[in-house]
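Chain by chain, the residues:
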Amino acid sequence: FERALAPLAVGEVAGPVQTEFGWHLIALLEERHETAGQSATMREAMHKTLEREQRMAAVREYVAGLRLRYGVVVNDSLLATLDFGSEDPDLQAALRQSDAVLAVLPTGRLTVQGLYRQLIFKYFHGLAGRPEAGALRDAVFREWVDEALLSHEAQVLGLRERPALQAEAKRLERSLLCEEVLKTL
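Remember, predicted model here, so these are calculated numbers, not experimental data.

Participant: Explanation requested: the sheet that holds strand S4 (residues 101–105) in the structure shown.
Facilitator: Spatial strand order, S3-S4-S5: 3 strands in an open sheet with antiparallel pairing. Whereas interior strands pair on both sides, the edge strands pair on one side only; in this sheet they are strand S3 (73–74) and strand S5 (108–111). Two strands pair when backbone bridges link them, and S4 and S5 are joined in this way by 4 bridges, in the antiparallel orientation. Bridge pairing in S5 places Ala103 opposite Leu110. Sitting on the sheet, helix H6 (residues 133–156) is in contact with S3, S4 and S5, with an inclination near 25° to S4.

Participant: Would you mind going over the packing of helix H4 (residues 89–97) against helix H5 (residues 112–122) with me for this structure?
Facilitator: Each pair of packed helices can be summarised by the angle the axes make with each other and by the distance between the axes. Relative orientation of the contacting elements H4 and H5 amounts to 110°, with a least axis distance of 6 Å. Here H5 runs roughly perpendicular to H4, going by the angle between their axes. Residue-level inspection shows Gln92, Leu95, Arg96 and Gln97 of H4 in contact with H5, the latter providing Val112, Gln113 and Tyr116. Counted by class, the contact of H4 with H5 contains 3 nonpolar, 3 polar and 1 charged residues.

Participant: Please explain the side chain of Arg137 as it appears in this structure.
Facilitator: With respect to the secondary-structure elements, Arg137 resides in helix H6. A relative accessible area of 8% means that Arg137 is categorised as buried. Among the polar contacts made by the side chain of Arg137, one reaches the main-chain carbonyl oxygen of Leu82 at a distance of 2.6 Å. In this structure, Arg137 is in contact with Leu79, Ala80, Leu82, Phe84, Leu115, Leu119 and Leu127, ignoring residues within four places of it in sequence.

About the thresholds
Per chain, residues are indexed from 1 in the order of the written sequence. For a predicted model such as this one, the threshold for reporting local features is a pLDDT of at least 70, and the threshold for listing and counting side-chain atom pairs is 80 or more; totals across whole chains, interfaces and linings nevertheless cover every residue. Hydrogens and water are ignored here; the side-chain numbers use all heavy atoms of the structure. At least two DSSP bridges between two strands are required for those strands to pair. A helix here means a DSSP run of H or I that spans at least four residues, while a strand means a run of E at least two residues long, and both kinds are numbered starting from the N terminus. When checking whether two residues touch, look at their non-hydrogen atoms; a contact exists if any pair is within 4.5 Å. In this analysis, axes come from line fits to C-alpha atoms, helices being fitted only over the stretch in contact, and the angle between any two N-to-C directions falls in the range 0 to 180 degrees. Relative orientations are named as follows: roughly parallel for angles under 35 degrees, roughly antiparallel for angles over 145 degrees, roughly perpendicular for angles from 65 to 115 degrees, and oblique for any other angle. Amino acid classes used here: Ala, Val, Leu, Ile, Met, Phe, Trp, Tyr, Cys and Pro are nonpolar; Asp, Glu, Lys and Arg are charged; the rest, including Gly, are polar. Buried means the residue's accessible area, taken with a 1.4 Å probe over protein chains only, is under 20% of the maximum for its type, while exposed means over 50%, and partly exposed covers the values in between. Nitrogen and oxygen atoms within 3.5 Å of one another constitute a polar contact, given that in protein one can donate a hydrogen and the other can accept it, and given that sequence-neighbouring residues count only through two side-chain atoms.

Here it is in structure tokens:
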């Protein structure tokens, strides 16, 4: 978006620009020149961003501790070789059927086949032909491992039995499902 927007003057349109969410036209409607923290709105946005970053850092630190505690083993070299961006149907079939182990967690083994299913759930049409396939593969894999660890820890701590938490989990699951369906439409 930034590259398309940079050369525009007010009132001009650029594009189309393709992202994982489809094609977009970029229109520069107005320009504002504010320094960081100048307006109350900008200060509030900066504070919210900082709070979100701090929460995410705390979660990453907690998950890193869980990885150490449970001795999680990840086969990074295998992960790096998986070309989900390939348009070769034979390679895609091999990835879809591979039982090669990518990680060992207290909940069991995470396989290439399982990662393929995770990718299809998140990116309905898969990653074939996408230049950013490697980065997306790695992000989905990290999320998958983190979610499995957090889910296991919740079970160990007995959090899954709490009715309020179960209701929130169902609400979140429905929300995520709706979001994925809307992305594919």
